[in-house]
Amino acid sequence: MRENLHRFFRAARGAGVRVSPAESIDAMRAVAQVGFNDRDILRNTFLLTLAKTQDEKRALGECFDLFFSQPEPQQENAEQNKTDDNSASGANPSADEHGDNAGGAANENVGPLAQMLLSQDRSAISTAIANASGAASLPDIRYFTQRGIFQTRILDAMGIQRLRDDIDEQTTRNPALAERLQEALNGLRGTVRDAVSQALLLYGREEAENLRNEILRNAPLARIEPRQVEQMRALIRQIARRLRERYSKPRKRQRRGHLDVRRTLRRNAAWGGVPFLTAWKRKHRDRPKIVALCDVSGSVARVSDFFLLLIHSLHEVVDDVRSFAFSGHLIEVSDILESKSPEEAMKEIMSKVGFGSSDYGNSFADFEDNWMSAITPQTTVIVLGDARSNNLDPRADILRRIGERSKRLVWLNPEGRMVWGFGDSEMPRYATFCTVVRQCATAQQLERAVSDIVATYQ
Amino acid sequence: MADTRPTASIEAVESGLAAQGYIASRQIATAVYLSQQIEKPILVEGPAGVGKTELAKAIAAWRGMKMIRLQCYEGLDEAKALYEWKYAKQLLYTQILKDKLGEVLGGAQSLAAALDQLHTFGDVFFSKEFVEPRPLLQALEQPAGCVLLIDEIDKSDAEFESLLLEILSDFQVTIPELGTVSAVAPPTVILTSNSERDLGDALKRRCLHLHIGFPEQKLEERIVESRVPGISQTLRKQMVGFIHEIRSLDLKKLPSVSEAIDWARVLVLLQASELDHEIVKDTLNVLLKYEADIEAATPQISSFIAKASRQGVFS
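Computed from a prediction, not measured in an experiment: that's the story for all the values here.

## A closer look at the packing of helix α3 (residues 39-49) of chain A against helix α2 (residues 26-37) of chain B
When two helices pack together, you describe them by how their axes are tilted relative to each other and by the distance separating the axes.
Consideration 1: Where α3 of chain A meets α2 of chain B, the axes come as close as 10 Å, and the angle between the chain directions of the two elements is 65°. One way to sum up the angle between α3 of chain A and α2 of chain B is to call them roughly perpendicular. The two elements α3 of chain A and α2 of chain B meet at a crossing, and its hand is right-handed. Judged by residue contacts, D40, I41, N44, T45 and L48 of chain A of α3 of chain A engage R26, Q27, T30, A31 and L34 of chain B from α2 of chain B.
Consideration 2: Its residues assigned to classes, the contact of α3 of chain A with α2 of chain B comprises four nonpolar, four polar and two charged.

## So, the interface of chain A and chain B
Consideration 1: Taken together, the contacts link 24 residues of chain A with 22 residues of chain B.
Consideration 2: Of the residues in the side of chain A that touches chain B, the class split is nine nonpolar, seven polar and eight charged.

## Some thoughts on the nonpolar core
Consideration 1: Grouped together as the largest cluster of nonpolar side chains are 121 residues, with contacts concentrated most on A12, L60 and I154 of chain A together with I190 and L210 of chain B.
Consideration 2: Ranked by the residues each element gives to this core, the list is headed by helix α11 (residues 175-203) of chain A, at ten residues.
Consideration 3: Each residue touching L210 of chain B, except ones within four places of it in the same chain, is listed here: L48 of chain A together with Q27, I28, A31, I42, L43 and V44 of chain B.
Consideration 4: Formed by 62 residues, the second largest nonpolar core is a distinct cluster that contains I239, C294, C440 and A443 of chain A.

## Here we look at unusual backbone geometry
Residues and elements named next belong to chain B.
Consideration 1: You will see that E39, though not glycine, has its phi angle at about 50°, which is positive.
Consideration 2: The residue E39 is located in the loop between α2 and β1 (42-45) in this model.
Consideration 3: Judged by the 13 C-beta atoms lying within 10 Å of it, E39 is partly exposed.
Consideration 4: One non-glycine residue, E152, lies in the positive phi region at around 55°.
Consideration 5: In this fold, E152 is placed in the loop between β5 (146-151) and α9 (158-170).

## Remarks on the sheet that holds strand β3 (residues 289-295) of chain A
Residues and elements named next belong to chain A.
Consideration 1: Read from one edge to the other, the open sheet built from six strands follows the order β5-β4-β3-β6-β7-β8, with strand pairing classed as mixed. Of all strands in the sheet, those bounded by a partner on one side alone are β5 (330-332) and β8 (436-439). Between one strand axis and the next, the sheet turns through 20° on average, direction left out of account.
Consideration 2: Pairing analysis gives six bridges linking β3 to strand β6 (residues 379-384), with the strands arranged parallel. Paired with V291 across the bridge in β6 is V381.

## With respect to the sheet that holds strand β2 (residues 66-71) of chain B
Each strand in a sheet pairs with its neighbour through backbone hydrogen bonds, running either in the same direction (parallel) or in the opposite one (antiparallel).
Residue and element names in this part refer to chain B.
Consideration 1: Overall, parallel pairing links the five strands, which are arranged β2-β5-β8-β1-β9 in an open sheet. This sheet does not close on itself; its edge strands, each paired only once, are β2 and β9 (208-211). On average, each strand axis in the sheet is tilted by 20° relative to the strand beside it, whichever way the strands run.
Consideration 2: Taken together, the four bridges between β1 and strand β8 (residues 188-193) define a ladder with parallel strand orientation. Within β8, the residue paired with I42 across the bridge is I190.

## So, the environment of L101 of chain B
Residue and element names in this part refer to chain B.
Consideration 1: The residue L101 is located in helix α6 (residues 98-106) in this model.
Consideration 2: Exposure remark for L101: the 15 C-beta atoms within 10 Å place this residue in the partly exposed category.
Consideration 3: In this structure the C-alpha to C-alpha distance between L101 and L118, which are 17 residues apart in sequence, comes to 8.9 Å.

## Describing the confidence of the model for chain A
Consideration 1: Mean pLDDT over chain A: 78, with 86% of residues reaching 70 or higher.
Consideration 2: Segment residues 72-106 of chain A: pLDDT under 50, and 38 contacts once partners within four positions in sequence are set aside and those in other chains are kept.

## A few points about helix α17 (residues 342-353) of chain A
All names here are of chain A.
Consideration 1: Its twelve residues place the ends of α17 16 Å apart at the C-alpha level, agreeing with the 16 Å of an ideal helix rising 1.5 Å per residue.
Consideration 2: A345, M346, I349 and V353 are the residues of α17 that are buried. Relative to the axis of α17, the buried residues are bounded by an arc of 95° and lie together on one face. Away from the buried face of α17 by more than 90 degrees, exposed residues E343, E344 and S351 are located.
Consideration 3: Backbone geometry just after α17 places F355 at a positive phi near 65°.

## With respect to the environment of R236 of chain B
Residue and element names in this part refer to chain B.
Consideration 1: Among the secondary structure elements, R236 is positioned in helix α12 (residues 233-247).
Consideration 2: Here the alpha-carbon distance between R236 and A264, two residues 28 residues apart in the chain, equals 7.6 Å.
Consideration 3: Look past the residues within four positions of R236 in its chain and what remains in contact with it is E221, V224, E225 and I231.

What counts, and at which threshold
Residues numbered from 1 in each chain as written. Chains lettered and ligands numbered in written order. Predicted model: local features only at pLDDT ≥ 70, side-chain atom pairs only at ≥ 80, totals over all residues. Axes fitted to C-alpha atoms, helices over the stretch in contact; angles between N-to-C directions. Helix = DSSP H or I, 4+ residues; strand = E, 2+ residues; numbered from the N terminus. Parallel < 35°, antiparallel > 145°, perpendicular 65-115°, else oblique. Left-handed = near helix turned anticlockwise from the far one by under 90°. Contact = placed C-beta atoms within 7 Å. Nonpolar A, V, L, I, M, F, W, Y, C, P; charged D, E, K, R; others polar. Core = buried A, V, L, I, M, F, W, Y, C linked by C-beta atoms within 7 Å. Buried ≥ 20, exposed ≤ 12 C-beta atoms within 10 Å, placed from the backbone. Pairing = 2+ DSSP bridges. pLDDT = per-residue confidence, 0-100. Expected span 1.5 Å × (residues − 1). Arc of directions from axis to C-beta.

Encoded structure:
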């Protein structure tokens, strides 16, 4: 049973539940207490000991159902299997009887696998498949490309060679039996294929996801295929969660070494000013204040989707974020992003200002007229856009004033450095007033850029 | 061992808690049973008012043990949670013993000799006498074991979490001047959290993780029945059905079990025999705690009552 538990832990890891060795030990101790009889209790036990968040509980629940829906190679069955083998090789009366009922042919000549198939003993077959899977180390399956080889290995372990020989031999002697065997073999292949697919689902998910995410992280946002958009969104959400975990820790930190005399005296008033307890000065940190300006015009439409998603998650990480979207003119979108789900918010923003042709000059002017007061010396301003202003007045003077008022001015450009300044790109002119200009074309670059910005406040 | 731990089975836990008026779901009972068997703390998460704190109280009442409660808040530190030296007492004693010390050390010829003599006294002023035990240390010192409730751990700082790790995994604390204090009898530890911030992995790893959500309709009916005995069956069915409908709305704060119980009490007090539009409208502020929520729910009252009553007919 221990073997099965270990396989389950691996499947759980595959499902994205982080199971540490200590937790698996706890789970084993817990399972030893509750036993295997009641599946609901067993399920609850695993949920209690292994999963540590709501998401993990859901994933683990699904994994549990999937895992225990497949036949387990149990001890009794294995023994039964052995006796089956014995009976097949020994050809004792009961096996003969069995064979007679099934095929009415002389079965002593065919191998154990053929025997099993002919007797149509489902539990024996599934046990045999499970045992063969163990022998072929099926839990090691990681990628979908490995399906074929594992199928072959399992069938080999079950003795398919002997079965084929049997079929060849019987075609001349007993065509009816051969045909039945052939059919049974096809059925068997199907069952094994299903078992392998299920194993892939159980054990291979994590690897496959890691690989896919790794590829996605480095894929240019502008050239994501439609079918990948959903996955990309999930990835950005993951990034946002990581940012939140890393940076939402309290910023209070003591600075040892500088005595806070006033607080020390007050604290020790009870024992006549004798300093038993010391109080140290704290270092004050700026609370993060972020103003984000996001270009949602036609030229960057595909990327701005992800930009907005990230800004949406920024609203969750940082208390004081004000966000603005622009193409021809600029509007504030903080409320929309704060109150709505990412999908709804993006739709609303796009319908309000999206897909126009961009006019950076006009949008900056809008910003200066209405919201310049939002920028204080503690603010980081992030501009997300390609700086392609359709040859209209870029109004770099406004950007200069924004840069002077703020703590930092960061420009994230989805285009490669090579094309900055070509065509209607005003990037070089804007770049002189920015603290940092970064290329930001992939999810990974996006994560690094935002992480750097938030980190300056830590 | 067996007589101090009357937790023979999950069913026994369920009935034991029920005797204290706490109707536990299967999962809660399993968690409590396991925490006894493998001596692990339980970390309970869930929305406010689903009975996280009540669970600890019920366990304490059922097992007949003392409950020690540590309410967490921002800025909670060692001195308030674990132990503190009784400075005033130490000072007082040194003053009182001043003459005595003079007498004892009077015989010494030199400063070095006096110091040597002083060393033989040992650390009189840093002994157990002068330690003021705070909830965590108190819990370890209970000879008959106890239920230690660490309430709303998510409100405390991350540093405090690390302080808890030793006590959670080994049921012991280390006081630098005294050494390690181990539990006389391992306490049953319950931590609660409203998921205001994510807890560290190290803390989560040491606990059984129990999530209590809103109960199913049947279970909630039983809870209301046990807490508000005076309520009639039809009204109970209706009101629980109504609350379940309300929970399907997108509200700022969904009504939880404690609000359901309060509402049931209010309805009994107003001698309502069944729900109608008028009485629900008047008492909706018991269930919903935000003006915007009440406004959102008001237009739906009639249809919810109808649905809730219909449910009652079929079940």
